[in-house]
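The lines below spell out each chain.
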Amino acid sequence: MIQKIVSLIFFVLLAIHGRSQSEGYATSTDGTSIYYRTFGSGQPLLIINGGPGMNSEGFESIARELSNKNLTIIYDQRGTGKSKLNKVDASTLTMKLMMEDIECLRVHLKIHKWSILGHSFGGMIASYYAGIYPDKIDKLILSSSGGIDLELLDYVGDAITSKLSNEDQEGVRYWSAKVAAGDTTHYARLQRGIHLAPAYVMNKEYLPVIAERLTQGNALVNQLMWDELRRIKFDCVPALATFSKPVLVLQGDNDILKPGTAEKCRDAFRNAKLVFIPHCIHYGWLDNKEFYLNEVNSFLTSQ
């Protein structure tokens, strides 16, 4: 009887450990320490958050949701969160270094091949990585991805504005000006986020979550990364012509990204499926959680 109880406790502890969080740092090729966290166990799934200039903090919830059958991994992109840079400029924020960060993380975790879920700007990073390291990817999920080129820059600002009330548009202008003038307090950034959040999520329950998330952006990193994408003429299409692994493209049916951006993503791959998430703007796991998780889990477990 005692042996059975001990065995039961052992297996319960194993189960708890399997869902627990671990964290650490991987050293990139230029010596930058890249902070990461892992959840669960099973097939490895790297989750790349949006931005640019945002840490991975807001992606812990989706990492935990997907950790029942997967070893989910989130990391702070260089220059954000705990992945600090001694110097933040055009020489330390390049797509080449961003790719090397991901590869060094994979090697550090002793992962031969992983699936990747890239959301928003993270989808752009994931697409670029797929063009360089296709043999390191099992499956690829592009979640409300910014796209495979820079077409979104032609329209996304107007798309965001169009989803805001006149009051919220005025609030964004007012608080953005305050922040730009030097008021970088959490209060000022949160007020800006409160007025901007309705452009990103339909479910009002999550407006405070998005508003808080929007306080976490690093404006300098954001600007430097967009400058870098323009400098390299970001376009993944040629490199993805031979990518043959399964790809799932997910996008909200009311997203700030045009349907054509998702369709172009799908068409860039040989083996891609496009699904529009009903009743959703930019965050599928917040606006339509059951639908989003079902699509992702079904894709990850499919042969």
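Please read all numbers here as calculations on a predicted model, not as lab measurements.

Draft legend 1. Up close: the pairing of strand E2 (residues 33-39). With six of seven residues buried, E2 lies mostly within the body of the structure. Count of turn residues in the strand E1 (residues 21-27)/E2 antiparallel hairpin: five residues, of which Gly31 carries a positive phi of about 90°. Bridge analysis of E2 against strand E4 (residues 70-75) gives four bridges, and the strand direction is antiparallel. By the bridge assignment for E4, Thr38 is matched with Ile73.

Draft legend 2. Looking closely at the environment of Gly40. You can see Gly40 is positioned in the loop between E2 and strand E3 (43-48). On the basis of relative accessible area, Gly40 is assigned to the buried category, the value being 12%. Linking Gly40 and Leu66, residues 26 residues apart in sequence, is a C-alpha distance of 8.4 Å.

Draft legend 3. Layout of the sheet that holds E3. With mixed pairing, eight strands are arranged side by side in an open sheet as E1-E2-E4-E3-E5-E6-E7-E8. Each end of this open sheet is capped by a strand with a single partner; those strands are E1 and strand E8 (272-277). Averaged over all adjacent pairs, the angle separating strand axes in this sheet is 20°, with direction ignored. Looking at chain direction, E3 and strand E5 (residues 114-119) are connected through four bridges and run parallel. Looking at E5, one finds that Leu46 is bridged to Ile116.

Draft legend 4. View of the side chain of Ser120. Structurally, Ser120 is set in the loop between E5 and helix H4 (121-132). Once residues within four sequence positions are removed from consideration, Ser120 is found in contact with Gly50, Ser143, Ser144, Ser145, Gly146 and His282.

Draft legend 5. Broad picture of the packing of aromatic side chains. For the structure on display, the rule yields 10 aromatic pairs. Summarising the aromatic geometry, the rings of Trp175 and Tyr187 are spaced 5.7 Å apart at their centres and angled 85° between planes, so their arrangement reads as edge-to-face. Of this pair, Trp175 sits in helix H6 (residues 166-180) while Tyr187 sits in helix H7 (residues 186-196), placing them 12 residues apart in sequence. Owing to a relative accessible area of 14%, Trp175 belongs among the buried residues under this scheme.

Draft legend 6. Inspection of the layout of surface pockets at higher detail. Its boundaries defined by the atoms lining it, the largest pocket holds a volume of some 1,100 Å³. Arg192, Leu196, Tyr200, Leu214 and Asn222 are the residues nearest the centre of the largest pocket, which is lined by 40 residues in total. Elements represented by at least two residues in the lining of the largest pocket include exactly H4, helix H5 (156-162), H6, H7 and helix H9 (219-231). Looking at the lining of the largest pocket, the element that brings in the most residues is H6, giving six residues. Within the lining of the largest pocket, the residues separate by chemical class into 21 nonpolar, 15 polar and four charged.

Draft legend 7. Geometry of H6. The end-to-end C-alpha distance of H6, which contains 15 residues, comes to 21 Å, matching closely the 21 Å that a straight helix rising 1.5 Å per residue would cover. Among the residues making up H6, those that are buried are Asp168, Gln169, Gly171, Val172 and Trp175. Axial view of H6: buried residues confined to an arc of 160°, hence all on one face. Facing away from the buried side of H6 by over 90 degrees, the exposed positions are Asn166, Glu167 and Ala180. Among the structural elements, H5 and H7 are those in contact with the buried residues of H6.

Conventions used here
Residues numbered from 1 in each chain as written. Predicted model: local features only at pLDDT ≥ 70, side-chain atom pairs only at ≥ 80, totals over all residues. Heavy atoms only, no water. Buried < 20%, exposed > 50% of the residue type's maximum accessible area, 1.4 Å probe, protein only. Helix = DSSP H or I, 4+ residues; strand = E, 2+ residues; numbered from the N terminus. Pairing = 2+ DSSP bridges. Axes fitted to C-alpha atoms, helices over the stretch in contact; angles between N-to-C directions. Contact = heavy atoms within 4.5 Å. Phe/Tyr/Trp six-rings, centres within 6.5 Å; stacked < 30°, edge-to-face > 60°. 1 Å grid on protein atoms, 1.4 Å probe; cavity = no way out; pocket = protein on both sides within 12 Å on 5 of 7 lines; lining within 4 Å. Points joined across faces, edges and corners; volume = space filled by probe spheres on them. Nonpolar A, V, L, I, M, F, W, Y, C, P; charged D, E, K, R; others polar. Expected span 1.5 Å × (residues − 1). Arc of directions from axis to C-beta.

Don't take any of this as a statement about function, it's just geometry.
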